[in-house]
Amino acid sequence: VAKPCDPLKGTIADQPDFDAGSDAEALYNAMKGFGSDKEAILDLITSRSNAQRQEIRAAYKSQYGKDLIDDLKYELTGKFERLIVGLMRPPAYHDAKEIKDAIKGAGTDEKCLIEILTSRTNEQIHNLVAAYKDAYGRDLEEDVIGDTSGHFKKMLIVLLQGTREEDDVVSEDLVEQDAQDLYDAGEAQWGTDEAKFIMLLGNRSVTHLQLVFDEYQKIAESSIEDSIKSELSGDFERLMLAVVQCIRSKPMYFAKRLYKSMKGLGTADNTLIRIMVSRSEIDMLDIRECFRLRYEKSLYNMIQDDTSGEYKRTLLNLCGGDDDIAGEFFPEAAQIAYKMWEISAMTKVQLRGTVRPYQNFDPASDAQALRKAMKGFGTDEDTIIDIVTHRSNAQRQEIRQTFKSLLGRELMADLKSELSKNLERLILGLMMTPAEFDAKMMKKAMEGAGTDEHSLIEILVTRSNQEIQEMCSAYQNAYKKSLEDAIASDTSGKFKRILISLAQGAREEGPVDMARALEDAQVSVLADACNADSDDMEDKFMSILCTRSFPHLRKVFQEFVRCSNKDFEQIIKKEMSGDFKNAMFAIVRSVKNQPSYFADRLYKAMKGLGTDDRALIRIMVSRSEIDLFNIRKEFKETHDATLHEFIQGDTSGDYRKTLLIICGGED
């Protein structure tokens with residue numbers, strides 16, 4: 001594995017026949033007179049290393065008696081100015097300026113503090129502290145203490161010492177002990193012994209901690225990240241997650257930060273600039289590679305779509321090239337991909353819903369209260385919402401039954417006539433059994449003119465065998481037609497075959513058969529290699545993806561990386577198309593991390609213009625007692641905003657109120 005200081009991993013290097021004097025003159029001429037030649041400025045600055053830029057700055061001062069940075073600030077504006085000036089500062093001074101900006105003024109930019117202090121080497125931290133003192137005449141540690149509090153503050157101070165053991169220090173005898181200490185400090189007891197986390201994660205070497213994390217996984221049966229998410233909260237949680245991510249892979253950490261800075265509405269330009277400037281000579285190639293591995297698109301493409309003008313052109317120069325979407329991995333990225341599968345295979349995720357059974361449950365009084373809320377003129381929506389969202393599905397079925405036997409009325413029919421639009425859909429969805437609800441959602445996805453292929457895929461891919469079988473019989477009961485026939489008449493080709501295969505509810509269960517997993521991986525590699533006959537390849541992929549158990553598939557995907565140096569998702573993205581591709585892709589995403597797949601579907605349902613309420617209702621209702629808590633955590637991790645905030649901003653009235661109760665918290 002290449003060490004972070006490997007000079008070959010940056011995109012910007014020394015210019016071979018460099019002459020500081022003539023560069024200074026070229027910049028002076030580009031800014032002389034009316035208007036400046038911005039292209040000349042950006043091309044020159046992005047094709048010199050930082051050390052060379054410092055020489056240019058010195059030459060500029062001695063030739064023209066002026067400060068180059070002041071002149072650039074005068075000539076340029078906005079984000080472009082910020083980016084060029086950032087490139088002209090020595091790295092330690094650039095970091096110092098970013099931190100100064102993050103803590104001055106009213107609010108603190110905690111994410112910036114976290115990013116810089118978790119990702120820099122000891123030497124970089126020491127240089128930063130000195131540069132801060134030199135530039136602002138102040139003590140960085142004192143400023144951080146004055147601006148932060150609690151465990152968050154303590155960990156930042158530890159990181160500011162820059163005393164992490166060097167990479168090659170591994171205390172074999174301490175690995176198990178450290179893992180056990182972390183486990184005892186967190187998962188094993190109520191309340192977390194934060195001091196232990198701070199001491200270990202703040203001081204041990206990167207290599208040592210990587211081994212500790214592997215050991216931790218064995219003891220806790222969950223990843224250290226999952227434990228941090230469930231034990232800690234707020235900025236301290238963010239900080240500790242960032243530390244762990246940087247220990248696992250700095251390039252992957254930066255790839256995630258870059259992705260978050262550009263996706264969604266508006267671009268977090270400060271983050272984008274800071275990372276592109278600070279990593280361009282260190283590990284930009286690795287970051288690009290991790291970006292492609294994680295997001296199936298190149299960093300270059302994302303910058304191209306998300307920025308404009310000279311600002312874009314400068315960023316693209318720093319990025320240094322467009323990674324062909326389907327090339328092989330660098331060895332390092334292949335190792336990361338392999339490791340990601342390993343972690344997902346070992347993790348026993350504790351699935352948690354957000355809706356639980358009500359303690360003092362009395363179906364008769366609930367039935368009476370609901371009747372009263374709907375009787376007479378006007379409807380008491382608050383009571384209806386309160387009862388329905390605070391009972392488990394099993395309890396709601398009892399209420400339905402009791403409503404009928406006590407009052408001789410159909411609760412569903414009454415609710416339907418009293419409520420309207422999205423609130424009606426949501427409340428009725430909660431009142432149905434999961435199987436009835438799934439059957440209804442399948443029916444809705446197929447009726448009318450267009451088919452909602454995404455719903456069909458989402459339901460069939462993510463339900464267990466038992467859930468699918470129950471849905472099939474509910475479908476038959478409600479619509480007097482088999483679900484399989486309905487799918488057959490509404491879809492076609494390979495997509496139809498996948499859906500029908502999944503609708504059998506006959507996916508294998510049980511532990512991984514290693515020999516067979518290896519065999520499946522080889523078959524997949526072969527199918528990919530001879531994709532001249534892509535029908536044959538698709539058939540092979542389909543038979544494996546639709547019938548094997550999820551744990552088995554995890555192993556197949558992991559071995560696929562080892563045998564082919566490619567990621568399974570990439571093959572699907574590149575070689576397949578249309579609904580067939582979407583279905584295959586959904587299976588791989590679900591195998592990798594199902595809550596994350598749902599988080600992504602929720603994000604798509606709410607971002608952009610208009611809300612896809614059907615998808616929003618479907619996921620919130622069907623996952624509320626299964627894994628909505630986990631989905632919320634994944635949502636926050638990937639989108640840097642909470643599910644609660646999204647729902648709040650995207651819906652209104654009683655509909656919003658009901659969704660927020662089901663969502664169950666703000667993270």
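Because the structure is predicted, anything quoted here is derived from the model rather than measured. (Residues numbered from 1 in each chain as written. Predicted model: local features only at pLDDT ≥ 70, side-chain atom pairs only at ≥ 80, totals over all residues. Heavy atoms only, no water.)

(A) The domain arrangement of the protein, seen in detail. What the domain assignment reports for the protein is domain 1 (363-431) and domain 2 (594-666). A C-alpha centroid distance of 23 Å is found between domain 1 and domain 2. Every contact between the two is made by 15 residues of domain 1 and, on the other side, twelve residues of domain 2. The largest share of the area that domain 1 buries against domain 2 comes from N422, R425 and L426, three residues that together contribute 42% of it. Here domain 1 is connected to domain 2 by one salt bridge. Here domain 1 and domain 2 share three residue pairs in polar contact (both at pLDDT 80 or more) between them. Among the elements of the structure, α23 (381-389), α24 (393-407) and α26 (421-431) are those that each provide at least two residues to the side of domain 1 that touches domain 2. At seven residues, α26 tops the list of elements feeding residues into the side of domain 1 that touches domain 2. (Domains from an automatic or database assignment. Contact = heavy atoms within 4.5 Å. Buried area = accessible area lost by both parts, 1.4 Å probe. Salt bridge = Lys/Arg side-chain N within 4 Å of Asp/Glu carboxyl O. Polar contact = N/O pair within 3.5 Å; in protein donor to acceptor, adjacent residues only side chain to side chain. Helix = DSSP H or I, 4+ residues; strand = E, 2+ residues; numbered from the N terminus.)

(B) Main features of the packing of helix α35 (residues 568-575) against helix α36 (residues 578-606). For the pair α35 and α36, the least separation of the axes is 9 Å and the interaxial angle reads 170 degrees. When the axes of α35 and α36 are compared, the pair comes out roughly antiparallel. Between α35, through F568, E569, I572 and K573, and α36, the contact on the second element is made entirely by K581, M584, F585, V588, R589 and K592. (Axes fitted to C-alpha atoms, helices over the stretch in contact; angles between N-to-C directions. Parallel < 35°, antiparallel > 145°, perpendicular 65-115°, else oblique.)

(C) Spatial organisation of the nonpolar core. Ranked by size, the top nonpolar core spans 200 residues in total, and within it M276, M442 and M620 carry the most contacts. Among the domains, domain 1 (363-431) and domain 2 (594-666) are the pair contributing at least three residues each to this core. (Core = buried A, V, L, I, M, F, W, Y, C linked by side-chain atoms within 4.5 Å. Buried < 20%, exposed > 50% of the residue type's maximum accessible area, 1.4 Å probe, protein only.)

(D) Looking closely at the pattern of salt bridges. This structure, assessed with the given rule, holds 47 salt bridges. Here R313 and D43 are joined by a salt bridge, their closest N and O atoms 2.7 Å apart. Taken together, the positions of R313 in helix α20 (residues 309-319) and D43 in helix α2 (residues 38-46) put the pair 270 residues apart, joining distant regions of the chain. For R313, a relative accessible area of 30% gives the class partly exposed. With a relative accessible area of 29%, D43 lands in the partly exposed category. If you follow the salt bridges from partner to partner, you end up with R82, K97, E98, D101, K104, E115, R257 and R274 in one network.

(E) Broad picture of the packing of helix α39 (residues 643-650) against helix α40 (residues 653-663). At their nearest, the axes of α39 and α40 sit 10 Å apart, and the two run at 175 degrees to each other. Classified by the angle their axes make, α39 and α40 are roughly antiparallel. Residues L643, H644, I647 and Q648 of α39 lie in contact with α40, whose contacting residues are R656, L659, L660 and C663. Of the residues assigned to the contact of α39 with α40, the class counts are five nonpolar, two polar and one charged. (Nonpolar A, V, L, I, M, F, W, Y, C, P; charged D, E, K, R; others polar.)

(F) Region of interest: the packing of aromatic side chains. Evaluation of the coordinates by the stated rule reveals 18 aromatic pairs. Look at Y259 and Y295: their rings are 3.6 Å apart centre to centre, the planes differ by 10 degrees, and that puts the pair in the stacked class. Residue Y259 is found in helix α16 (residues 250-262), and its partner Y295 is found in helix α18 (residues 284-295); the two are separated by 36 residues along the sequence. Here Y259 and Y295 have matching classes, each one buried. Relative to F646, the ring of Y603 has its centre 5.4 Å away and its plane inclined at 50 degrees; by these criteria the two rings are tilted. (Phe/Tyr/Trp six-rings, centres within 6.5 Å; stacked < 30°, edge-to-face > 60°.)

(G) Looking closely at helix α8 (residues 122-136). Given a rise of 1.5 Å per residue, 15 residues ought to cover 21 Å, and the 21 Å separating the end C-alpha atoms of α8 matches this to within 8%. Turning to α8, its buried residues are N122, I125, L128, A131 and Y132. Looking at the buried side of α8, the elements it contacts are α6 (91-103), α7 (110-119), α9 (140-147) and α10 (150-160). Note on α8: the residue one or two positions beyond its end, G137, has a positive phi of about 60 degrees. (Expected span 1.5 Å × (residues − 1).)

(H) Unusual backbone geometry, seen in detail. In this model, E221 sits at a positive phi of 55 degrees, which is unusual for a non-glycine residue. With respect to the helices and strands, the residue E221 is situated in the loop between α13 (206-220) and α14 (224-231). One non-glycine residue, K421, adopts positive backbone phi at about 50 degrees.

(I) Structural detail: the side chain of D181. Position of D181 relative to the elements: it lies in helix α11 (residues 172-185). Setting aside its immediate chain neighbours within four residues, D181 contacts K196 and L200.

(J) Here's a closer look at the environment of T148. Here T148 lies in the loop between α9 and α10. Owing to a relative accessible area of 11%, T148 belongs among the buried residues under this scheme. Measuring from C-alpha to C-alpha, the distance between T148 and I103 comes to 9.1 Å, with 45 residues separating the pair along the chain. With sequence-adjacent residues up to four places away left out, T148 is seen in contact with L113, K153 and L156. Reaching out from T148, the side chain makes a polar contact with the backbone oxygen of V144 at a distance of 2.7 Å.

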